[in-house]
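# Architecture at a glance
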Amino acid sequence: MTGYTSDQIRNIALLGHAGSGKTSLAEALLYHNGSITAPGSIEGRNTVSDFTDLEKQAAHSLETSVLYLPNSNNCINLLDTPGFPDLFGRAIAALPAVETVALVINARNGIEPVTRYAWQQLKERHKCGLIVINHMDEADDLEQLVEEIKATFGNQCLPINLPTPTGIVTDCYFDPDESITTSFSSIEDAHRHLVEQVIEVDEELMDLYLEQGEIITVEQLHAPFEAALRENHLVPICFTAATTGQGVELLLKVLSDLMPTPLEGNPPLFVKGTGDDAVEVSVVPETDQHVIAHTFKLNQDPFAGKLGTFRIHQGIVRNGSQLFIGLGRKPIRITQLVKLQGKEQIPVQEAYPGDICAIPKADALYFDAVLHDSHDEDDFHLRPLNFPAPVASQAVVSANQGDEQKVSEILQRMCMEDPSLKLEHRERQNETVLLGLGELHLKTVFDKMSAVYKLQVKTYTPSIAYRETITRNAEGHHRHKKQNGGAGQFGEVFLRIEPLQRGEGFEFVDAVVGGAIPGQFIPAVEKGVREVMSQGAVAGYPIQDVRVTVYDGKHHPVDSKEIAFVQAGKKAFIEAMHAARPILLEPFVAMDITVPQQAMGDITGDLSTHRGVVSGTDASGQDLIIHALAPLASVHDYSNRLKAISAGEGSYTLAFSHYDPVPATVQKELISAWLDPDHTPHAAA
């Protein structure tokens with residue numbers, strides 16, 4: 001198969017809420033393009049996009065799938081992304097690969113949360129936009145939906161075709177037939193609105209249109225149409241019914257004739273360097289320049305190895321090309337270059353700027369890796385994507401003894417595939433914790449571990465990192481004396497402790513005078529104190545915000561040893577802790593909760609029920625951002641609570657804020673659990 005040139009390529013990502021019909025629409029486009037002989041269906045578990053066993057079982061997309069629609073004139077690369085909010089990070093990862101984002105809206109349900117998130121990402125990444133109203137045959141009021149779209153995203157959203165009372169879709173741009181009756185508006189008005197919106201970016205055409213009354217042809221409109229798309233001055237609206245095929249042919253024409261090529265779209269957001277030293281660099285879709293490509297998707301398979309999917313931004317990639325990966329000094333050799341049609345891999349000899357290809361068995365690739373053929377581009381990176389913060393977490397342990405190392409390796413591998421996952425090892429709790437965007441997100445990971453890697457794991461709610469501290473001054477004393485017939489052990493320590501301000505940590509003060517404790521033994525006393533600081537004195541949690549002052553003691557010229565003063569320091573500190581009215585602290589998190597304004601009352605009520613406090617609110621369009629503080633123990637299941645309260649339209653972020661005392665009942669439960677391992681404390685929600 002020969003490659004397509006940059007002016008023949010269109011790159012489109014389908015984004016939208018789960019159930020909007022993205023996969024069915026992709027299937028209809030493949031069928032009407034002639035790429036498949038019959039469209040598959042979600043119910044039939046036979047679509048090109050959802051080809052994994054897990055996706056067939058789930059009956060929805062779990063990963064972004066890569067498709068292409070070739071014809072004699074051009075090639076449309078189509079990315080079908082998952083639509084559940086929990087999997088939105090996987091959809092975002094596809095954005096650097098395309099010029100155009102097609103927002104697919106379910107005509108029955110209207111604008112849903114993921115549609116809004118996708119619009120925000122489209123704007124942030126300077127992508128051209130297209131709106132597809134799917135399931136139009138099942139809608140109650142399409143005119144009202146168009147008005148809702150304009151109210152939400154702007155008046156630049158204009159129909160480029162319209163539905164008719166007979167259920168078909170008619171063109172309003174290329175060759176409009178004004179005699180056809182439409183379900184709302186009219187072909188004449190729709191065409192006029194489109195032309196007037198486009199010529200606003202071209203003063204010369206505007207003069208011809210307004211002053212001379214000339215008819216503007218589609219050919220004359222092409223360049224300003226592309227400019228309007230680049231500036232988001234125009235966002236065309238198309239109507240389709242994917243299951244019946246209505247509007248699909250017109251959508252294909254819009255995609256192939258009007259959506260920008262890599263030569264016409266906004267340039268990719270590349271920088272050289274990192275952090276504050278990063279500077280923007282120009283990467284152009286030209287064949288005679290160095291190769292620059294970007295890896296946006298990885299698939300790991302225990303048998304086939306790693307499949308790396310990338311977008312070429314500059315230069316030509318051929319079989320036999322040698323490419324560096326990021327800052328790597330040793331190049332990899334491309335031995336098999338393929339295009340993807342779902343799970344099918346079609347070999348190609350070369351690929352041009354703008355095309356999307358893949359490399360099988362690319363074990364050295366990683367997400368976001370930049371491929372290049374010259375060390376001049378060693379430090380090139382795409383501007384980082386703004387992934388949602390992971391807020392759901394599960395502690396993970398191997399279900400089978402002996403699989404611990406393999407479980408750890410596979411979890412790390414899956415985090416490399418999915419940048420919205422995060423893996424942490426919490427040493428104090430001795431827990432491996434996987435964080436994701438929601439319960440469904442984490443479930444897909446554990447399901448894949450079981451189905452693909454044949455690894456079974458057990459999961460549980462991660463431990464809360466409680467802390468111990470004190471509320472008043474106290475003193476402690478201990479004499480450590482041990483005699484075993486030979487040389488003995490002797491050390492005596494007097495110390496006082498006092499509380500510090502929250503967050504000040506730990507201070508150790510040596511106030512011994514007169515050599516009561518020789519200087520060489522002071523570090524041993526501190527070591528004993530620090531052991532208790534780490535292990536806890538009243539409930540087994542680390543201690544913080546305490547100043548310890550050693551002011552007196554005794555030693556023996558023969559029997560005093562380091563171990564004696566370690567033990568004396570520990571016991572004296574524990575005695576002082578119990579006398580200093582100790583309390584337990586729990587971590588509080590700062591929450592930013594984005595919900596429709598009408599959900600405000602229910603959100604604040606739920607927060608107060610779980611010991612949360614609202615600290616402020618901000619308006620964000622039609623939504624409200626609620627700022628709150630809440631105990632970490634109360635938010636482990638917050639994603640489910642928020643979905644129920646906001647009908648799936650809410651989102652939130654978490655960040656550590658501070659430590660505060662736990663309620664007395666919770667403290668009693670936690671102390672009892674430490675003293676009696678068989679006692680299980682209740683959740684501190």
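Treat the numbers as computed from the prediction; the structure is a model and nothing was measured. (Residues numbered from 1 in each chain as written. Predicted model: local features only at pLDDT ≥ 70, side-chain atom pairs only at ≥ 80, totals over all residues. Heavy atoms only, no water.)

## Some thoughts on the sheet that holds strand β10 (residues 270-272)
Within a sheet, each strand pairs with its neighbour through backbone hydrogen bonds, oriented either parallel or antiparallel. Here three strands make up an open sheet; going across it, the order is β11-β10-β22 and the pairing antiparallel. In this open sheet, the two strands that pair with only one neighbour each are β11 (279-280) and β22 (380-382). With three bridges joining them, β10 and β22 adopt antiparallel strand pairing. When the bridges of β22 are listed, Phe-270 appears paired with Leu-382. (Pairing = 2+ DSSP bridges. Helix = DSSP H or I, 4+ residues; strand = E, 2+ residues; numbered from the N terminus.)

## A few points about the packing of helix α6 (residues 187-199) against helix α7 (residues 203-210)
Two elements in contact, α6 and α7, have axes separated by 8 Å at closest approach and are oriented at 140 degrees. When the axis of α6 is compared with that of α7, the two are oblique. On α7, the residues that touch Arg-192, Val-195, Glu-196 and Ile-199 of α6 are Glu-203, Leu-205, Met-206 and Tyr-209. Residue composition of the contact of α6 with α7, by class: five nonpolar, no polar and three charged. (Axes fitted to C-alpha atoms, helices over the stretch in contact; angles between N-to-C directions. Parallel < 35°, antiparallel > 145°, perpendicular 65-115°, else oblique. Contact = heavy atoms within 4.5 Å. Nonpolar A, V, L, I, M, F, W, Y, C, P; charged D, E, K, R; others polar.)

## Looking at the domain arrangement of the protein chain
Looking at the assigned domains, one finds that the protein chain contains domain 1 (8-258), domain 2 (270-328 + 336-382), domain 3 (392-460), domain 4 (468-580) and domain 5 (585-667). Centre-to-centre, using C-alpha coordinates, domain 1 lies 37 Å away from domain 3. Buried area between domain 1 and domain 3, both sides added, is near 850 Å², and the carbon and sulfur share of it is 65%. Ranking the residues of domain 1 by area buried against domain 3 places Leu-54, Asp-86 and Arg-90 at the top, with a combined share of 60%. (Domains from an automatic or database assignment. Buried area = accessible area lost by both parts, 1.4 Å probe.)

## Side note on a negative patch on the surface
There is a patch of like negative charges on the surface, built from Asp-140, Asp-141, Glu-143 and Glu-147. Inspection of the secondary structure puts Glu-143 in helix α5 (residues 142-153). Relative accessible area serves as the criterion here: at 42%, Glu-143 is assigned to the partly exposed category. (Patch = residues over 30% accessible without salt bridge, like charges linked within 9 Å, V, L, I, M, F, W, Y side chains within 5 Å. Areas by Shrake-Rupley, 256 points an atom, 1.4 Å probe, with all protein chains shown as cover. Salt bridge = Lys/Arg side-chain N within 4 Å of Asp/Glu carboxyl O. Lys, Arg positive; Asp, Glu negative; His and termini not counted. Charge placed at Lys NZ, Arg CZ, Asp CG, Glu CD. Buried < 20%, exposed > 50% of the residue type's maximum accessible area, 1.4 Å probe, protein only.)

## Details of the pairing of strand β12 (residues 292-301)
Where burial is concerned, most of β12 is hidden: eight out of the ten residues are buried. Bridging between β12 and strand β13 (residues 305-314) involves nine bridges; their strand directions are antiparallel. By the bridge assignment, Leu-298 is partnered in β13 with Gly-308. Both β12 and strand β21 (residues 370-372) contribute to a ladder of three bridges, which runs antiparallel. Within β21, the residue paired with His-294 across the bridge is Val-370.

## Quick notes on the pattern of salt bridges
Counted by the stated rule, this structure contains 22 salt bridges. A salt bridge links Asp-257 to Lys-253; the shortest N-O distance between them is 2.8 Å. Of this pair, Asp-257 and Lys-253 are both found in helix α9 (residues 248-257), four residues apart, which corresponds to roughly one turn of the helix. Taking the relative accessible area as the measure of exposure, Asp-257 reaches 30% and is therefore partly exposed. Between Glu-417 and Lys-448 there is a salt bridge whose closest N-O contact spans 3.1 Å. Here Glu-417 is found in helix α10 (residues 404-417), whereas its partner Lys-448 is found in helix α11 (residues 439-451), with 31 residues between them in sequence. Residue Glu-417 shares its accessibility class with Lys-448, and that shared class is buried. Ionic contacts of the salt-bridge type, sharing partners, join the residues Glu-63, Arg-90 and Asp-418 into one network.

## Let's talk about the sheet that holds strand β3 (residues 75-80)
The mixed open sheet is built from seven strands, whose spatial order is β2-β3-β1-β4-β5-β9-β6. Lying at the two open borders of the sheet, with one neighbouring strand each, are β2 (65-70) and β6 (157-159). Taken over all neighbouring pairs, the strand axes of this sheet differ in orientation by 25 degrees on average, direction set aside. The pairing of strand β1 (residues 9-15) with β3 spans six bridges and is parallel. For Leu-14, the partnering residue across the bridge sits in β3 and is Asp-80. Contacting β1, β4 (100-106), β5 (128-134) and β9 (235-239), helix α4 (residues 113-124) runs over the sheet at an angle of about 165 degrees to β4.

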